[in-house]
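# Coordinate analysis (summary)
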Amino acid sequence: MLRFLLAKLAVLVPTFFGITIVAFGFVRVLPGDPVLLMAGERGLSPERYQQLLHQLGFDRPLWEQYLGYLAGLFQGDLGTSLVTKKPVLTEFMALFPATVELGLCAMLLATIVGIPLGVFAAIRRGSWFDQVSMGTALVGYSMPIFWWGLLLIILFSGILQWTPVSGRISLLYFFPPVTGFMLIDSLLSGQSGAFASAVSHLILPTIVLATIPMAVIARQSRSAMLEVLSEDYVRTARAKGMSPWRVVNVHALRNALIPVITTIGLQVGVVLAGAILTETIFSWPGIGKWMVDSIFRRDYPVVQGGLLLIAAVVMIVNLLVDLLYGLINPRIRHK
Amino acid sequence: MTIKTRFLAATAITLALAGGASAKTLVYCSEGSPEGFDPAPYTAGTTFDASSQPVYNRLVEFENGTTKVIPGLAESWEVSDDGLEYTFHLREGVKFQTIDGFTPSRDFNADDVLFSFNRQKDADNPWHEYTAGIVYEYFDAMDMGTLIDSIEKVDDYTVKFTLTRPEAPFIANLAMDFASILSAEYAETLDEAGRKEDLNQIPVGTGPFQFVAYQKDAVIRYQANPDYWRGKQPIDDLIFAITTDPAVRMQKLMAGECHVMPYPSPADVEALQSDDAITVMEQPGLNVAYLAYNTLQAPFDKPEVRRALNMAMNKQAIIDAVFQGTGQVAKNPIPPTMWSYNDAVQDDAYDPEAAKKMLEDAGVTDLSMKVWAMPVQRPYMPNARRTAELIQADFAEVGVTVEIVSYEWGEYLKKSSDKERDGAVILGWTGDNGDPDNFMGVLLGCAAVGGSNRANWCDEDFNALIEKARTTSDEAERTALYEEAQLRFKDQAPWATLAHSTVFMPMSTNVTGYKMNPLGSHRFDGVDIAE
């Protein structure tokens, strides 16, 4: 197991350097720069433009800027936002819990609904349930998130008034962030009604963010289950007179879950990408919205630091999934 | 207050609210996050709405709802005969706000004025670069660095500004957000505590509301300043709920989650107007959208060619299709709400036949040109691409072939300033200080060629008029000069003036006392909520 872990870690090192180059290069490849955007319609004289570039250090050769960025990274310094003048890491840490909270809830919903849906559809292959659930999954998979979110807001918050429109908690509640997770902080605050308010604010964004992963997980569970159900050992189990419930839950499901877990791990990236739009619609103060704003403003340090941190999170999650995979499937860890 | 006590105080307010006590809270669904809380390093209205407007005051201020300059922290001022010396008499007994870690030991005085300006003006000032990479772009853009020769403390309540040249818009400049007055004593306290950067995170001013807390990208909380020198505000708490999407802001307003929202989508205005619980205020924006020809290049160097093209353009069709009626056709480079607007100017009539003939007379046949369309929506222009398409169709009628080009916004701004630029540019402007010079000087003056003068138009007669107006302090005389300048502008037609947009402000019907500001700021002093 240790060798397995070390091998996985060894791959991460070059990946990490690759990401620093991509993160650094990406925002600089985009046309325009932060100085031009700051000046707006008024424009700048060429002298003033050069002066500002110099002050911000963007007139130095690219390799020099990159080495400076790397040197900062090794000292744990991700740079300072050009806009807010705050350290990138501080901003990230303030916003990241909101994204994690929403992402976890979405993944949880996607998993607890997606897997049973797929499994049941596989067992009842060809039935109306199979047709309807897989058809719905296809629609969910192709749903434009922005439109879907707005549709839910108009229906549930506007017309039915069951859920709040946006935000993380009612503005009536105000307490210091302890963990940054609103569900936990609202409980810690001891204010009555705070937790219920936090939950009600989570419902719509969770549904919206869970839609695509849920569809993917359901479809993956169905096909994995179908494959396992056609295996010889399942037929043997059935032939031995084992109850259908036991065949599915004890013998088939465990094996069918292996590719599903991989899929769930890969969905973490999808959820982080989906968070960008979901956070924008629901005014959810997370890192997705933060990154988009920074890209529009060409806030170089935030984009290169933020991308790196997000990539690190995805890499760690995938590493954990690999380890989990090894735990479930002994053949992998003994390879 | 420490953060903890701030939260406790706010919790008490919350409980009072929940218990039905009389604390009044106004929620404003703002359109974006502030960049910081020190107004001086920034240029965005969103930042000013959250910093300079609620928290700070200036020596002179814009009267709420107008562009008229009224006394602020300066009770009165005198200008020397040569227009070079401005002496301000400061208001006594004005208190800075008390927050956790800072209790002011003295009232506002001349030291605060010197601190607020010198940190922007002098590169050697210890507060000039109090956090890395800070630049005072507005101060520089308004040319204050070269305009102000010195700032002198005559006594505790008298300050004298000496200018390097007479400049009539100077007073209006001082009413702008970047000229907000910060506390020198607070800065000292921060310096001693080694927390200089907090000047941009935790603001302390003399304004109507004091800062309580900011949760990044989510909520900003203020409470009424109990010691405000103009008197305590009718509302007790002011909350900005940051909501970037206009459709979601509208839903929040309709669901009662906020009282006021800015910038509705033009397409939603009708739905908002038909809601009984919502009032939609509207006002012509202090802005202009234009198409600037490059007057340095043939055949656009000929005024008759430019005028002919202007006559080929159906501007009303642009208002109907692009602004969906939320705007008006522009005939002058300044908006009608601005003083010195010359209503006697006759706009070029839409007349494709006459335009065609004028082009032929000028010897222009088979003309091909580029029209630049901005890639972004701006307050003065909801859809530049669509506008360019309409212009393309109009020009085709008179035999002019148009190719529409666009670039990324930063590139667009840069390339459009290039004197060698090929084509006419769609762009616009929103006023900074309500002074006509802020439009005519900035956008059409000879000094701005190759910069914000996108037409690269340097007309001796026009420039002489605006230069004279800039250095004259008599407003009647300035008005006459600007009126004449507008006639000259129309005659020479460096731009096709396209539109002035209308700004909408939807709010709950129980909000009272809100005034729309021509300069685009959103202010909550004097605002109340009816029971």
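Residues numbered from 1 in each chain as written. Chains lettered and ligands numbered in written order. Predicted model: local features only at pLDDT ≥ 70, side-chain atom pairs only at ≥ 80, totals over all residues. Heavy atoms only, no water.

Further remarks concern the overall build of chain B. Secondary structure summary: chain B contains 18 helices and 19 strands in total. Taking 24 Å as the expected radius of gyration for a compact globule of 531 residues, we find that chain B reaches 25 Å, a close match to that expectation. With the C-alpha coordinates aligned to their principal axes, the bounding extent of chain B is approximately 75 × 55 × 40 Å. Every one of the 531 residues in chain B was classed for burial, and the buried ones make up 60%. In chain B, 69% of the contacts between residues at least 6 apart in sequence involve partners at least 24 apart. For chain B, the computed accessible surface area is about 19100 Å², with 47% contributed by carbon and sulfur atoms. Charge centroids of chain B, computed over 44 positive and 81 negative side chains, lie 2 Å from each other. (Helix = DSSP H or I, 4+ residues; strand = E, 2+ residues; numbered from the N terminus. Rg over C-alpha atoms; globule rule 2.2 N^0.38 Å. Buried < 20%, exposed > 50% of the residue type's maximum accessible area, 1.4 Å probe, protein only. Contact = heavy atoms within 4.5 Å. Areas by Shrake-Rupley, 256 points an atom, 1.4 Å probe, with all protein chains shown as cover. Lys, Arg positive; Asp, Glu negative; His and termini not counted. Charge placed at Lys NZ, Arg CZ, Asp CG, Glu CD.)

It is worth spelling out the sheet that holds strand 9 (residues 219-224) of chain B at this point. The strands that make up a sheet are held in pairs by hydrogen bonds between backbone atoms, and each pair lies either parallel or antiparallel. Residue and element names in this part refer to chain B. The strand order across the open sheet built from 4 strands is 1-10-9-8, with neighbouring strands paired in mixed fashion. The sheet is open, and its two borders are formed by strand 1 (25-28) and strand 8 (209-215), each paired with just one other strand. Taking the axes of each pair of neighbouring strands and ignoring which way they run, one obtains an average angle of 20° across the sheet. The pairing of strand 8 with strand 9 spans 6 bridges and is antiparallel. The residue bridging tyrosine 214 from the neighbouring strand is isoleucine 220, located in strand 9. (Pairing = 2+ DSSP bridges. Axes fitted to C-alpha atoms, helices over the stretch in contact; angles between N-to-C directions.)

It is worth spelling out the packing of aromatic side chains at this point. Counted by the stated rule, this structure contains 41 aromatic pairs over all chains. Centroid distance B:Phe96 to B:Phe108: 6.5 Å. Interplanar angle 65°. Geometry classified as edge-to-face. In this pair, B:Phe96 is assigned in the loop between strand 5 (85-90) and helix 4 (110-121) and B:Phe108 in the loop between strand 5 and helix 4, connecting sequence segments 12 residues apart. One aromatic cluster in this structure is built from B:Tyr28, B:Phe37, B:Phe211, B:Tyr214, B:Tyr222, B:Phe240, B:Tyr514 and B:Phe524. Sitting over the ring of A:Phe24, A:Arg28 keeps its end group 3.9 Å from the ring centre. The ring centre of B:Trp127 lies 4.8 Å from the NZ or CZ of B:Lys196, which sits over that ring. (Phe/Tyr/Trp six-rings, centres within 6.5 Å; stacked < 30°, edge-to-face > 60°. Lys NZ or Arg CZ within 6 Å of the ring centre and 35° of its normal.)

Moving on, we get to the pairing of strand 16 (residues 424-430) of chain B. All names here are of chain B. Of all 7 residues in strand 16, 6 are buried, a share of seventy percent or more. Bridge analysis of strand 12 (residues 287-292) against strand 16 gives 6 bridges, and the strand direction is antiparallel. Bridge pairing in strand 16 links leucine 291 to isoleucine 426. Bridge count between strand 14 (residues 368-372) and strand 16: 2 bridges; the pairing is parallel. In the sheet register, valine 371 faces strand 16, and the bridge partner there is alanine 424.

Glancing now at the confidence of the model for chain B. Mean pLDDT for chain B: 92, with 96% of residues reaching 70 or above. Predicted complex metrics record ipTM = 0.88 and pTM = 0.89. (pLDDT = per-residue confidence, 0-100.)

Membership of the largest hydrophobic core comes to 149 residues, with the highest contact counts inside it found for B:Leu59, B:Phe161 and B:Ile426. Sorting elements by how many residues they give to this core places strand 17 (residues 495-508) of chain B first, with 6 residues. One finds A:Ala110, A:Ala122, A:Ala252 and A:Val271 within the second-largest nonpolar core, a separate group that totals 36 residues. (Core = buried A, V, L, I, M, F, W, Y, C linked by side-chain atoms within 4.5 Å.)

Bringing the interface of chain A and chain B into the picture now. Contacts between chain A and chain B engage 45 residues on the former and 62 residues on the latter. Both faces considered, chain A and chain B share a buried interface measuring about 4600 Å² in area, 59% of it formed by carbon and sulfur atoms. Across the contact surface, chain A and chain B share 6 salt bridges. We note a salt bridge from A:Arg298 to B:Glu408, for which the minimum N-O separation is 2.9 Å. Counting across the chain A and chain B interface gives 14 residue pairs in polar contact (both at pLDDT 80 or more). At the level of secondary structure, the elements contributing two or more residues to the side of chain A that touches chain B comprise helix 2 (34-39), helix 3 (46-56), helix 5 (88-123), helix 7 (145-159), helix 11 (244-281) and helix 12 (287-297) of chain A. Ranked by the residues each element gives to the side of chain A that touches chain B, the list is headed by helix 7 of chain A, at 6 residues. Looking at the side of chain A that touches chain B residue by residue, the classes come out as 26 nonpolar, 10 polar and 9 charged. (Buried area = accessible area lost by both parts, 1.4 Å probe. Salt bridge = Lys/Arg side-chain N within 4 Å of Asp/Glu carboxyl O. Polar contact = N/O pair within 3.5 Å; in protein donor to acceptor, adjacent residues only side chain to side chain. Nonpolar A, V, L, I, M, F, W, Y, C, P; charged D, E, K, R; others polar.)

Attention shifts here to unusual backbone geometry. Glycine aside, negative phi is the norm for most residues, and most peptide bonds take the trans geometry. Residues and elements named next belong to chain B. Cis geometry marks the peptide bond from alanine 298 to proline 299; its omega dihedral reads -5°. By the secondary structure assignment, proline 299 is in the loop between strand 12 and helix 11 (303-311). In this structure, asparagine 456 takes a positive phi of about 50° despite not being glycine. By the secondary structure assignment, asparagine 456 is in the loop between helix 16 (437-444) and helix 17 (460-471). Residue asparagine 456 is classed as buried on the basis of its relative accessible area of 2%.

This part covers the packing of helix 9 (residues 194-229) of chain A against helix 11 of chain A. All names here are of chain A. Here helix 9 crosses helix 11 at 150°, and the two axes come no closer than 8 Å. Taken together, helix 9 and helix 11 sit at an angle that is classed as roughly antiparallel. With respect to the hand of their crossing, helix 9 and helix 11 are arranged in right-handed fashion. Partitioning the contact of helix 9 with helix 11 into residue classes produces 21 nonpolar, 7 polar and no charged. (Parallel < 35°, antiparallel > 145°, perpendicular 65-115°, else oblique. Left-handed = near helix turned anticlockwise from the far one by under 90°.)

On to the pattern of salt bridges. Residue and element names in this part refer to chain B. Scanning the entire structure with this criterion turns up 40 salt bridges over all chains. The residue arginine 165 makes a salt bridge to glutamate 167 at a minimum N-O spacing of 3.5 Å. The exposure class assigned to glutamate 167 is buried, which follows from its relative accessible area of 7%. In this structure, the salt-bridge partner of aspartate 461 is arginine 488, at a minimum N-O distance of 3.7 Å. Residue aspartate 461 is found in helix 17, and its partner arginine 488 is found in helix 18 (residues 475-492); the two are separated by 27 residues along the sequence. Aspartate 461 sits in the partly exposed class, given a relative accessible area of 44%. Here the salt bridges do not stand alone but share partners, grouping Arg307, Asp459, Asp461, Arg488 and Asp491 into one network.

As a further point, take the state of the cysteines. Two cysteines joined by a covalent bond between their sulfur atoms form a disulfide. Residues and elements named next belong to chain B. With the rule as written, the count across this model stands at 2 disulfides over all chains. At a sulfur-sulfur separation of 2.3 Å, the disulfide partner of cysteine 29 is cysteine 258. Taking the sign of the torsion about the S-S bond as the criterion, the disulfide between cysteine 29 and cysteine 258, at about -105°, is left-handed. Residue cysteine 29 is located in the loop between strand 1 and helix 2 (45-50), and its partner cysteine 258 is located in the loop between helix 9 (246-254) and helix 10 (269-273); the two are separated by 229 residues in the primary sequence. Across the pair, cysteine 258 and cysteine 29 agree in class, each one buried. Each disulfide pairs two cysteine sulfurs, and for cysteine 446 the partner residue is cysteine 458, the sulfurs being separated by 2.0 Å. Across the S-S bond linking cysteine 446 and cysteine 458, the dihedral sits near 95°, which makes this disulfide right-handed. (Disulfide = S-S within 2.5 Å.)

Residues and elements named next belong to chain B. Looking at where tyrosine 86 falls in the secondary structure, it is placed in strand 5. Sequence separation between tyrosine 86 and lysine 160 is 74 residues; the distance between their C-alpha atoms is 5.6 Å. Excluding its chain neighbours within four sequence positions, the residues that come into contact with tyrosine 86 are Glu78, Val79, Val159, Lys160, Phe161, Leu163, Glu167, Phe170 and Ile171. Polar side-chain contacts of tyrosine 86 include one of 3.4 Å to the backbone oxygen of glutamate 167.

Take the packing of helix 7 of chain A against helix 11 of chain A next. All names here are of chain A. At a minimum axis distance of 9 Å, the contact between helix 7 and helix 11 shows a crossing angle of 35°. Seen from above, helix 7 lies across helix 11 with right-handed handedness. On helix 11, the residues that touch Ile145, Phe146, Gly149, Leu150 and Ile153 of helix 7 are Gly274, Leu277, Thr278, Thr280 and Ile281. Broken down by class, the residue content of the contact of helix 7 with helix 11 amounts to 6 nonpolar, 4 polar and no charged.

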